[in-house]
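Observations on the three-dimensional arrangement
The primary structure of each chain is shown beneath.
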Amino acid sequence: MVASPWMHIPINRSVMVLMFLAVGLLVVTVISLGTGGAPIDLGDVIHHILHRMGLMGTGIEAFDARVLDHLRLPRILRAIIIGAGLGLAGAVMQSLFRNPIADPGIIGVSASAAFGAVAMIVAGHIILGSYYPVVGPYGVPVAAFAGAVLATGVIRVLSRQDGHTDAAIMLLIGVAINAIAFAGVGVFTYMADDAQLRSLTFWQMGALSGNGPADGPALLIIAVGAGYLVSLGTSLNLFLLGEAEARHLGIEVERLKRRATVVTALVVGAAVAVSGIIGFVGLVAPHLVRLVTGPDNRYVLPASAICGAAILTGADAVARIIVLPAELPIGLVTGIVGGPFFLGLLMREKKRRRI
Amino acid sequence: MSLTAHNISFLARGRYLLRDISVSLVAGEVLAVLGPNGAGKSTLLKVLAGEHGVAHGTVTQNGRDVSKQPALTLAQERAVMPQATSMTFPFAVRDVVALGRSPFRKISTRKHDQTLVERAIALADIGHLADRAYPALSGGEKQRVHLARALVQVWGMDDSNLSETAPTNDKILAPKSDQARFMLLDEPTSGLDVAHQHALLSVARREARQNGVGVLMILHDFNQVTAYADRVAVLQGGEMVAQGAVGDVMTPDLLSTVFKSPIRAIPDPDGPEGAAVLVSQAASG
């Protein structure tokens, strides 16, 4: 039985998919914890987790325990929160634009965040002058965050006409913003010296290795924002019918658009501030979910969050071991898989004549 | 209780699309809106639905200014059947119909919603499509889906539609709304075959007669207006040309002038005494 809106609260296929995804995330997490330069036996991983939860008396070998506690657990926690935020942001944007190919990466929000970060790395001492040392490690993530919010604001203002926003125009303006932001990143990359270039790759290709003291607040913003976005499922279902129809059905359409875009920008901006650009998670996760649950946003939104978290955790495990002893930037992993996926998606849509 | 436009004007890019129009949709009546292309019929419907703000005048729904009401309050008293929508996500037809229940999601019960949805699906004759994906339907089938969606919305928390099927233990949480309800249909027959056109018009009239809904329909067929509507409003170039009982307004002279095409009334040999069929003549030459 396919899920019908507000009809089947009992366990149906979609709820089962959610539970299945949650179990999948758990499995990926445990496997990822055991994977890396120093492989740890899966039994030991589970043993250690249970020990930390107070369910098992004796701990595991001290070295492995340190690797898990100080390296892998924080990293995988970042992967889970960022993956969930990006997957959810993608699902919300696709509903908001009523277009299945929308994604924070494609409409330039991620690129603008990277532009903010890169500008701060290369020209921060000029922009901030004597304040530069005061801002310290917060400068770059805050600039990334500001870039994302600013880009969303510009997209919203430019796509407004007669008090309404047109979703299709908004998407195209986003594509233009994306191009401008990447040009800006290119300019600063050209200006950068060798030391700066190394940290630029972090923002352009993504990494989950952590980015300093601003990570905590940023992850908190993602978590809170994600909580709000998940609550929009029913409203976004109505939005898919059309803006006028959503209004006829009692949705304050402009308010919904304003809130959803702003919160999405906050989530994406915070995600880029922690990990740099990690593309395609926001595109791939909702699509995989919809293949199974159908388009009902009440399930697609939470499932996209879980699926995004699992994808990023898995991609991170791959990034850690594929070029040992070095580590591949995670944005490359998601790009290598996500790019062809996006192309396949476009071909499928073309066949259905939906674009 | 009514849905009323008081001397409204609507401007778009400096041009009047509606000028000084007053019209009132009263509970329990069927009001047809008639006029040539570009007369402002759809614009009037959108203004009444609160979708567009007006430059002058006010629109009131059950006595309250629609521009100052929350969308949810308006939605609980008024349903709109659009001409076409562009939904590309593959919702099942039954799920699209159920979206019409969303203004009542906080106060309705799942059983109540389910019963209404099945009933509307039967009335709109889309039972055989109920599990199909909406985007794959034809234009006329999509229109019938939106008819069903508008019906479950306009039925609100009223349980009279459940008379045959309602179980006695089906507890309705909210009191029955005592406000009049309205249904606005934008060219509802445009994509339908003849049988479904009459089925839709009968459903609309039944809503007016039995459930006291005020029904406004934009129509193009004169004989459907005379057969199904109580009153008719004729628009031309954004202005109200005539408004009144169908028998008074639907005269060959007035229609010929408004539509700039000769229209004749031919006595209907099979109809009741005095009945006539309005026909437009093919342009000569």
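Residues numbered from 1 in each chain as written. Chains lettered and ligands numbered in written order. Predicted model: local features only at pLDDT ≥ 70, side-chain atom pairs only at ≥ 80, totals over all residues. Heavy atoms only, no water.

1. Thoughts on the overall build of chain A
Counting secondary structure elements, chain A contains 15 helices and 2 strands. For chain A, whose C-alpha radius of gyration is 21 Å, the value lies close to the compact-globule estimate of 20 Å for 355 residues. Dimensions of chain A, computed from C-alpha atoms along their principal axes, come out at roughly 60 × 60 × 35 Å. Counting across all 355 residues of chain A, residues that qualify as buried make up 54%. Looking at chain A alone, contacts between residues at least 24 apart form 74% of all its contacts between residues at least 6 apart. Summed over its atoms, the accessible surface of chain A is roughly 15,300 Å², and 71% of this surface lies on carbon and sulfur atoms. (Helix = DSSP H or I, 4+ residues; strand = E, 2+ residues; numbered from the N terminus. Rg over C-alpha atoms; globule rule 2.2 N^0.38 Å. Buried < 20%, exposed > 50% of the residue type's maximum accessible area, 1.4 Å probe, protein only. Contact = heavy atoms within 4.5 Å. Areas by Shrake-Rupley, 256 points an atom, 1.4 Å probe, with all protein chains shown as cover.)

2. Topic: the nonpolar core
Within the largest apolar cluster, 108 residues are counted, with the highest numbers of intra-cluster contacts made by Ile82 of chain A together with Val97, Ile126, Val225, Val232 and Met250 of chain B. With residues near it in sequence (within four places) discarded, Met250 of chain B still touches Leu34, Phe222, Val225, Thr226, Val232, Leu255 and Leu278 of chain B. Membership of the second largest hydrophobic core comes to 34 residues, among which are Val118, Ala151, Leu171 and Leu200 of chain A. (Core = buried A, V, L, I, M, F, W, Y, C linked by side-chain atoms within 4.5 Å.)

3. What to know about helix α6 (residues 194-211) of chain B
Note: α-helices contain 3.6 residues per turn, so residues at a spacing of three or four share the same orientation. Residue and element names in this part refer to chain B. Helix length check: α6, at 18 residues, gives a terminal C-alpha distance of 25 Å against a target of 26 Å (1.5 Å per residue), a fit within 8%. Inspection of α6 places His196, Gln197, Leu200, Leu201, Val203, Ala204, Arg206, Glu207, Ala208 and Asn211 among the buried residues, and these make up the whole buried set. In the stretch just after α6, Gly212 is the one whose phi turns positive, near 70°. (Expected span 1.5 Å × (residues − 1).)

4. A look at the confidence of the model for chain A
Of the residues in chain A, 93% have a pLDDT of 70 or more, and the chain-wide mean is 83. In this model, residues 6-10 of chain A is a region of pLDDT below 50 whose contacts with residues beyond four sequence positions or in other chains number 20 contacts. (pLDDT = per-residue confidence, 0-100.)

5. Focus on the packing of aromatic side chains
Tallying each qualifying case throughout the model produces 2 aromatic pairs over all chains. Taking 5.9 Å as the distance between ring centres and 50° as the angle between the ring planes, the aromatic pair formed by Phe115 of chain A and Phe188 of chain A counts as tilted. Placement of the pair is Phe115 of chain A in helix α4 (residues 109-128) and Phe188 of chain A in helix α7 (residues 167-191), with a sequence separation of 73 residues. In this structure Phe115 of chain A comes out as partly exposed when scored by relative accessible area, which is 31%. Taking the centre distance of 5.2 Å and the plane angle of 70° together, the rings of Phe222 of chain B and Phe259 of chain B count as edge-to-face. (Phe/Tyr/Trp six-rings, centres within 6.5 Å; stacked < 30°, edge-to-face > 60°.)

6. What about a nonpolar patch on the surface?
Residues and elements named next belong to chain A. A contiguous nonpolar patch, built from Val23, Val27, Ile31 and Leu42 and spanning about 330 Å² of accessible area, is present on the exposed surface. Among the elements that make up the nonpolar patch, the one with the highest residue count is helix α1 (residues 13-34) (3 residues). Mapping Ile31 onto the fold places it in helix α1. (Patch = residues over 30% accessible without salt bridge, like charges linked within 9 Å, V, L, I, M, F, W, Y side chains within 5 Å. Salt bridge = Lys/Arg side-chain N within 4 Å of Asp/Glu carboxyl O.)

7. Thoughts on the environment of Gly139 of chain A
Note on placement: Gly139 of chain A falls in helix α6 (residues 139-158). Considering only alpha carbons, one finds Gly139 of chain A and Leu128 of chain A, 11 residues apart in sequence, at a separation of 9.3 Å.

8. Concerning the sheet that holds strand β9 (residues 231-236) of chain B
Residue and element names in this part refer to chain B. Spatial strand order, β6-β7-β8-β3-β9-β10: 6 strands in an open sheet with mixed pairing. This sheet does not close on itself; its edge strands, each paired only once, are β6 (78-81) and β10 (239-245). When strand polarity is set aside, the average angle formed by the axes of neighbouring strands in this sheet is 15°. Relative to β9, strand β3 (residues 30-34) runs parallel, the two being bridged by 4 bridges. Note on β9: the bridge partner recorded for Val33 is Ala233. Relative to the sheet, α6 contacts β3, β6, β7 (182-185) and β8 (214-218), its axis offset from that of β8 by approximately 150°. The strands that helix α9 (residues 252-259) touches are β3, β9 and β10; relative to β9, the one it contacts most, it runs at about 30°. (Pairing = 2+ DSSP bridges. Axes fitted to C-alpha atoms, helices over the stretch in contact; angles between N-to-C directions.)

9. With respect to the interface of chain B and chain A
Listed by partner, the interface residues are 37 residues for chain B and 32 residues for chain A. Across the chain B to chain A interface the summed buried area is about 3,000 Å²; carbon plus sulfur atoms make up 61%. Our count for the contact surface shared by chain B and chain A stands at 0 salt bridges. Here chain B is connected to chain A by 5 residue pairs in polar contact (both at pLDDT 80 or more). Across the side of chain B that touches chain A, the residue classes tally to 18 nonpolar, 9 polar and 10 charged. (Buried area = accessible area lost by both parts, 1.4 Å probe. Polar contact = N/O pair within 3.5 Å; in protein donor to acceptor, adjacent residues only side chain to side chain. Nonpolar A, V, L, I, M, F, W, Y, C, P; charged D, E, K, R; others polar.)

10. As for the pattern of salt bridges
This structure, assessed with the given rule, holds 17 salt bridges over all chains. Where Arg101 of chain B meets Asp113 of chain B, a salt bridge forms, and the shortest distance between an N and an O atom there is 2.8 Å. One end of the pair, Arg101 of chain B, is in the loop between α3 (93-99) and α4 (110-123); the other, Asp113 of chain B, is in helix α4, with 12 residues separating them in the sequence. Neither Arg101 of chain B nor Asp113 of chain B differs from the other in exposure class; each is buried. A single network of salt bridges, built from pairs that share partners, joins Arg75, Asp316, Arg320 and Glu327 of chain A.

11. Quick look at the packing of α1 of chain A against helix α14 (residues 297-321) of chain A
All names here are of chain A. It is at 9 Å that the axes of α1 and α14 come closest, and there the two elements cross at 20°. Here α1 lies roughly parallel to α14, going by the angle between them. Seen along the crossing, α1 lies across α14 with a hand that is left-handed. Residues Ser14, Val15, Leu18, Leu21, Ala22, Leu25, Val28, Thr29 and Ser32 of α1 form the contact with α14, whose own contacting residues are Tyr299, Pro302, Ala303, Ile306, Cys307, Ala309, Ala310, Thr313, Gly314, Ala317 and Arg320. (Parallel < 35°, antiparallel > 145°, perpendicular 65-115°, else oblique. Left-handed = near helix turned anticlockwise from the far one by under 90°.)

12. Observations regarding the packing of helix α10 (residues 233-241) of chain A against helix α12 (residues 253-275) of chain A
Residue and element names in this part refer to chain A. Relative to each other, α10 and α12 sit at 115°, their axes nearing to 11 Å. In this structure, the crossing between α10 and α12 has a hand that is left-handed. Residue-level inspection shows Ser235, Leu236 and Phe239 of α10 in contact with α12, the latter providing Val253, Leu256 and Lys257. Residue composition of the contact of α10 with α12, by class: 4 nonpolar, 1 polar and 1 charged.

13. Observations regarding the domain arrangement of chain B
Residues and elements named next belong to chain B. The domains assigned to chain B are domain 1 (2-156 + 179-250) and domain 2 (251-284). Computed from C-alpha atoms alone, the centre-to-centre distance between domain 1 and domain 2 is 27 Å. Contact residues are listed per partner, giving 15 residues for domain 1 and 12 residues for domain 2. Between domain 1 and domain 2, roughly 980 Å² of surface is buried when both sides are summed, and carbon and sulfur atoms account for 70% of that area. Ranking the residues of domain 1 by area buried against domain 2 places Phe222, Asn223 and Met250 at the top, with a combined share of 47%. Counting across the interface, domain 1 meets domain 2 through 3 residue pairs in polar contact (both at pLDDT 80 or more). (Domains from an automatic or database assignment.)

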